[in-house]
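Summary of structural features
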Amino acid sequence: MRRLRLSTFRRGFASTLGLDVISRGLSAVATVLFIRSLDVEDFALVVLFLNVGQFAGGALTGGVRMRYMRTEAERVSRGDPKPTSFALAWAASLALVLGATTLFMALLGLLGPDGPGPGWPAFVGLTAVFTAGHASIELAMYHHQANLGFVRAGLVGISRSAAILAVATAAALGAIDSGTAIIACAALAVLGAAAVACVPLAWRTLRSHSVATIRGDLGRESGWLTVYYLLSAGFSYASIFTVAALLDDEAVASFGAALRYIAIVLGPTPALLAILRVRTSQQDIVDSAEAQTRMLLSWIRRAIVPVVGVLGLAIAAGPLLIPIVDDGRYPDSVPIFQLLLVGAMFAYITMPGSNLLMSQRRFRLLAGFYAIALVIQLAALGLAAELAGVVAVAGATAAIRASETSALAYLATRVRPASKPPPVPIE
C-alpha cells in the first residue's frame, strides 16, 4: 500500500510539473508580449490588475479552498465514499468575492464620484470578475488534485494561461488598443475558462448535498483558514502594493516584470505545493506527529543542495537574459529579480512547513503568525521604499521571506498536533 501511494505521488509530481511548465511557458510568452507591446502606463495597469486579482482570489477564497481540498483528500485516503460538496465550496467562494467587492466599492464611493481616481469603478469591477474566475479555476484544480487527478488539474491550469495568452496576442497585434480593454478581455476570458472547469463538478454534487450541510463543510476551521489566507496573501503581495502606493509607474513596471520572471523560474513550485497539500492530508501523515517531523527534516536535507545550485545559476543568468527579454526597458528588474530569488531559496528548502501546521490543525497559530508578520513587513517595506526605492523594497522582501519560511518550519517541528477527528470507517 505504501509503495503504491509513493509511486502515485511521484507520477503526480511528474505530470503536474510537466503540465505546469507548459502553463508557465504560455504565461512567459504572454508576459513578453505585454512588455513589448504596451507603454509603461498600460503595462503598469495590467500588472496591478493581475496581481490584485490573484491576491484577492487567494485572500478571500483560500480558506474555503484549502478546507475543501484537505477534507476531500483525507476522505479519499480513508476510503470514505461520500464526496465533499464542490458546489457548496464554489458557491461560498463566489459569495465571498461578491461580498468583498460590494463592500470595497461602497467604501470607495464615500470618497466621491471619482473615488480614488477616474475609472476606478471599471477597474474594481473587472478585477472582481477576474478574481472570481481565477479563484474558481484554483478550486477546480484543488478538487482534481485531492482525487489524485493531477493531469486534469494541470489541464485546467493551462486553460487559464491560454486565455491570458490569447488576450496578450490580441494586444500585440493591435486588436486591443487600451489598458482598460485589455483587462476587460482578460477578466472575461478567465471567467469563461472557469465556467467550463467548474460547472460540471458543481452539478455532480449539487443534488447530493443539502444547504444544511454548509455549516459542517465550511465551519469554524474554514473561518480561521480564511483569516490565515487573508493575512498570508497580504504578506505575499505587500511588496507590489507598497511599490504601487509609494513609488511611480516605472517602479511598478520594473517590480511587476521581475515578479513575472520569478514565476517563470520557479516552475516546479506549483507542482511541489500541489503534491505537498495532498500528501500532508493523507491518513498516515495526519495521524502521526513523528511522521510529520521526519518528512520536513528529510525534505530540508534533500532540497538544500539542488535548490541553492539551481537558483544560484538563475541569479547569475539574470543580468544576461533579462535585458534581452525586455530590450533594456526596465533595468531595475535585474537586481529585483536576483534579490527575490534569495528569498525563494528559503521558501523551497522549507516548503512543507505551513502544510504540516495545517495537518496539525493549528489554524489559529498560522493566522496569528501572519498577523504579526504582516505588520512588521509593512513597516519595513514602507521604510525601504521611502529611503532607497524599489530595489531596497526587493531586498527587504527577500529578508522577510527567508525569516517567515524558516520560522514556519521551526514551528512545524515544535508544535504537537491538536486532537483529530476519529477515522472514518471504510464500508
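Quick notes on the rules
- Residues numbered from 1 in each chain as written.
- Predicted model: local features only at pLDDT ≥ 70, side-chain atom pairs only at ≥ 80, totals over all residues.
- Heavy atoms only, no water.
- Helix = DSSP H or I, 4+ residues; strand = E, 2+ residues; numbered from the N terminus.
- Patch = residues over 30% accessible without salt bridge, like charges linked within 9 Å, V, L, I, M, F, W, Y side chains within 5 Å.
- Areas by Shrake-Rupley, 256 points an atom, 1.4 Å probe, with all protein chains shown as cover.
- Salt bridge = Lys/Arg side-chain N within 4 Å of Asp/Glu carboxyl O.
- Lys, Arg positive; Asp, Glu negative; His and termini not counted.
- Charge placed at Lys NZ, Arg CZ, Asp CG, Glu CD.
- Buried < 20%, exposed > 50% of the residue type's maximum accessible area, 1.4 Å probe, protein only.
- Phe/Tyr/Trp six-rings, centres within 6.5 Å; stacked < 30°, edge-to-face > 60°.

1. Quick look at unusual backbone geometry
Positive phi values are uncommon outside glycine, yet L148 reaches one of about 65°. In this structure, L148 sits in the loop between α4 (120-146) and α5 (150-172).

2. Points about a negative patch on the surface
A cluster of acidic residues, D39, E41, D248, D249, E250 and D332, forms a negative patch on the protein surface. On the basis of relative accessible area, E250 is assigned to the partly exposed category, the value being 35%.

3. With respect to the packing of aromatic side chains
Counted according to the given criterion, the structure contains seven aromatic pairs. Residues Y228 and Y370 carry aromatic rings whose centres are separated by 5.5 Å and whose planes lie at 55° to one another, so their mutual orientation is tilted. Of this pair, Y228 sits in helix α8 (residues 220-246) while Y370 sits in helix α15 (residues 363-388), placing them 142 residues apart in sequence. Of the two residues, Y228 and Y370, neither departs from the other in class, the shared state being buried. Seen from their ring centres, F235 and Y370 are 5.5 Å apart, and the 75° between their planes marks the pair as edge-to-face. With F235 in helix α8 and Y370 in helix α15, this pair connects stretches of sequence that are 135 residues apart. Here F235 and Y370 have matching classes, each one buried. A network of ring pairs unites the aromatic residues Y228, F235, F369 and Y370 as a single cluster.

4. With respect to the pattern of salt bridges
Tallied over the entire structure, the rule returns four salt bridges. Here R75 and E72 are joined by a salt bridge, their closest N and O atoms 2.8 Å apart. Of this pair, R75 and E72 both sit in helix α2 (residues 40-78), three residues apart, which is roughly one turn of the helix. The exposure classification of R75 matches that of E72, with both residues buried. Residue R401 is joined to E404 by a salt bridge in which the shortest nitrogen-to-oxygen separation is 2.8 Å. Of the two residues, R401 and E404 both sit in helix α16 (residues 390-414), three residues apart, roughly one turn of that helix. Classification of R401 by relative accessible area gives partly exposed; the value is 31%. The exposure class of E404 is buried, given its relative accessible area of 5%.

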